[in-house]
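# Structural overview for review
One-letter residues, chain by chain:
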Amino acid sequence: MISYNTKDWFSFIFRFHKSDTVRKLFPIMLAIGVYAAIVGYVEIEYFKISKNDYIHNIPIMHGMLGFVISLLLVFRTNTAYDRWWEGRKLWGSLVNNSRNLAIKLSAILKDENDKKFFREIIPTYASFLQKHLKDEETSKQLFEDVDLEIDHHKHKPNQVKRMMYHKINSLYEAKKITGDQLITLNEELQSFTDICGACERIKNTPIPYSYSAFIKKFIFFYTMTLPFGYSVSLGYYVAPVVVFIFYVLASLELIAEEIEDPFGDDENDLPTKKIAENIKKHIEELI
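The structure contained in this document is the topic of the report that follows.

Reading guide: rules and limits
- Residues numbered from 1 in each chain as written.
- Predicted model: local features only at pLDDT ≥ 70, side-chain atom pairs only at ≥ 80, totals over all residues.
- Heavy atoms only, no water.
- Salt bridge = Lys/Arg side-chain N within 4 Å of Asp/Glu carboxyl O.
- Helix = DSSP H or I, 4+ residues; strand = E, 2+ residues; numbered from the N terminus.
- Buried < 20%, exposed > 50% of the residue type's maximum accessible area, 1.4 Å probe, protein only.
- Polar contact = N/O pair within 3.5 Å; in protein donor to acceptor, adjacent residues only side chain to side chain.
- Axes fitted to C-alpha atoms, helices over the stretch in contact; angles between N-to-C directions.
- Parallel < 35°, antiparallel > 145°, perpendicular 65-115°, else oblique.
- Left-handed = near helix turned anticlockwise from the far one by under 90°.
- Contact = heavy atoms within 4.5 Å.
- Nonpolar A, V, L, I, M, F, W, Y, C, P; charged D, E, K, R; others polar.

### Overview of the pattern of salt bridges
The final tally for this structure, using the stated rule, is 14 salt bridges. As a salt-bridge pair, Glu112 and Arg119 come within 2.9 Å of each other at their nearest N and O atoms. Salt-bridge contacts for Asp114 lead to Lys176; the nearest nitrogen and oxygen are separated by 3.2 Å. Here Asp114, found in helix H4 (residues 112–134), pairs with Lys176, found in the loop between helix H5 (156–173) and helix H6 (179–204); they are 62 residues apart in sequence, far enough to count as distant. A relative accessible area of 5% means that Asp114 is categorised as buried. Of the residues examined, Lys176 reaches a relative accessible area of 40% and is grouped as partly exposed. Three or more residues joined by partner-sharing salt bridges are found here, namely Arg76, Lys216, Glu253, Glu257 and Glu260.

### Re the environment of Lys24
Relative to the assigned elements, Lys24 resides in helix H2 (residues 21–46). Linking Lys24 and Leu254, residues 230 residues apart in sequence, is a C-alpha distance of 9.0 Å. At a separation of 3.3 Å, a polar atom in the side chain of Lys24 contacts the side chain of Glu258.

### Notes on the packing of helix H3 (residues 59–108) against helix H9 (residues 272–286)
Contact pair H3 / H9: the axes reach a minimum separation of 9 Å and the direction vectors enclose 15°. On the basis of their axis angle, the class for H3 and H9 is roughly parallel. Crossing of H3 against H9: the hand is right-handed. On H9, the residues touching Arg88, Trp91, Leu94, Val95, Ser98, Arg99, Ala102, Ile103 and Ser106 of H3 are Thr272, Ile275, Ala276, Ile279, His282, Ile283 and Leu286. Split by residue class, the contact of H3 with H9 holds ten nonpolar, four polar and two charged.

Shown next, in the form of structure tokens:
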């Protein structure tokens, strides 16, 4: 995750970070600028189109469609941000539940070997979950007719959770914890699987293909038709204007694509590795 000062306007405006959309879109922005300039030249110099021609009224269509595309992009970015924020809340819950489990176990357990086991196993769950969510194959688990390598191996977070539950049960059978204490610990233990399942739901359920494809096509054809309507009014200035409009629309889609999967390796994704390391540090302090 990028560390920045939210009040430093100058750096936002005049400094281009390597994850900035300008860097990613520059080649296609250049191509669209050339395309718009060519369309403007053909209309103005070759066909001699004036303001009395019907093609001059194309911006009426753009005005009507502009409202539609703005609604689509707002919904797209809000949906993507909801997924990012939900992922952050889930990992925040994992931090709190790990702490609560460690605090309860530190008070309940008396044997140092038992404490050592949980001192190591609780952070291991967070570490394995972080690696599990970064695996690209995890995002494809709901795809049909795809033979994934991950399907032929055991689910590592589940295996760690299984070890924890077996250990808790053995402590109960050995009379080291009471039935009431077992019930008290169960809530935190159950939450680990709930968090893992919710994270997997975000990871392996992308925005519906038809919706994502429609927005990209809409942006492309909307931008490609802009020079035909505005060349007469703007002349050769139509090239930078069209490039800027494309940059704004495409950037919103790029940002949504990046944050809708908050568990990847993009710079704006959640720092799950750092959170897992913090969990390890906190557990070692508590138990």
